[in-house]
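Reading the structure
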Amino acid sequence: MKSEIPRLLLVYNADSGTRNAILDSMHKVISPSTYACNLCDITHGLVSEKRVWKKFRKERGGQLEFLHRDEFKKQYASKFGAKFTFPIVLVETQMDLEVFISTNELNQLQTADELIDLVEKRLKKTPL
């Protein structure tokens, strides 16, 4: 049975791993205005996922996939190498990955609620 909602790929502008997570948390505290991943900032606090975002993510189940920048580049290197900037939300089509929410749009958002609202609005407009 085909899912009624397309699969979204959310890619953070941060690398994976415990060391990077600690450095990112420190960066958020020391110099929040220069922190490079607004997707991380609006979905996560210093040490954990924000409650409203976690609830939304769980409701969506497998329709959302999350990758760090290094994971995305490794997994999609041959096909999508330097095609995208990060953070970004992509939608999987049968043939490609397409921009669902651009880096610029993500960088304008200030809260997880704003991101959730934007995702919901775009999903309603996305042809199945």
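Bear in mind that the values here come from a model prediction, so they are computed numbers and not experimental data.

Criteria and cut-off values
- Residues numbered from 1 in each chain as written.
- Predicted model: local features only at pLDDT ≥ 70, side-chain atom pairs only at ≥ 80, totals over all residues.
- Heavy atoms only, no water.
- Axes fitted to C-alpha atoms, helices over the stretch in contact; angles between N-to-C directions.
- Helix = DSSP H or I, 4+ residues; strand = E, 2+ residues; numbered from the N terminus.
- Parallel < 35°, antiparallel > 145°, perpendicular 65-115°, else oblique.
- Left-handed = near helix turned anticlockwise from the far one by under 90°.
- Contact = heavy atoms within 4.5 Å.
- Nonpolar A, V, L, I, M, F, W, Y, C, P; charged D, E, K, R; others polar.
- Core = buried A, V, L, I, M, F, W, Y, C linked by side-chain atoms within 4.5 Å.
- Buried < 20%, exposed > 50% of the residue type's maximum accessible area, 1.4 Å probe, protein only.
- Pairing = 2+ DSSP bridges.
- Phe/Tyr/Trp six-rings, centres within 6.5 Å; stacked < 30°, edge-to-face > 60°.

At a closest axis distance of 9 Å, the pairing of helix α3 (residues 51-60) and helix α6 (residues 112-125) adopts a crossing angle of 25°. Here α3 lies roughly parallel to α6, going by the angle between them. Considering the relative orientation of α3 and α6, their crossing is left-handed. Contacts from V52, W53, F56 and R60 in α3 reach A112, D113, L115, I116, V119, E120 and L123 in α6. Split by residue class, the contact of α3 with α6 holds eight nonpolar, no polar and three charged.

The biggest cluster of nonpolar side chains holds 23 residues, and the ones touching the most others in it are L8, F100, I101, L115 and V119. Breaking this core down by element, the ones donating at least two residues are β1 (8-12), α2 (38-43), α3, β3 (88-92), β4 (97-101) and α6. Sort the elements by how many residues they give to this core and α6 lands first, with six residues. In this structure I101 touches I88, V89, L106, L115, L118, V119 and R122, once residues within four positions along its chain are discounted.

Next up on the list: the pairing of β1. Counted residue by residue, β1 has five buried out of five residues, so it is predominantly covered. Going residue by residue along β1, you find L8, L10 and Y12 tucked away on one face and L9 and V11 tucked away on the opposite face as well. Here five bridges tie β1 to strand β2 (residues 64-68), and the two strands are oriented parallel to one another. The residue bridging L9 from the neighbouring strand is E65, located in β2. With four bridges joining them, β1 and β3 adopt antiparallel strand pairing. Across the sheet, L10 pairs through a bridge with V89, a residue of β3.

Once that is clear, we can look at the packing of aromatic side chains. As enumerated under the stated definition, the model contains six aromatic pairs in all. Their ring planes at 15° and their centres at 6.2 Å tell us that Y12 and F66 sit as a pair that is stacked. Residue Y12 is located in strand β1, and its partner F66 is located in strand β2; the two are separated by 54 residues in the primary sequence. A relative accessible area of 7% places Y12 in the buried class. According to the relative accessible area criterion, F66 is partly exposed, its value standing at 23%. Relative to F66, the ring of W53 has its centre 6.2 Å away and its plane inclined at 85°; by these criteria the two rings are edge-to-face. Separated by 13 residues along the polypeptide, W53 in helix α3 and F66 in strand β2 bring together distant segments of the chain. Overall, W53 belongs to the buried group, its relative accessible area being 0%. Taken together, Y12, W53, F56 and F66 form an aromatic cluster joined through their ring pairs.

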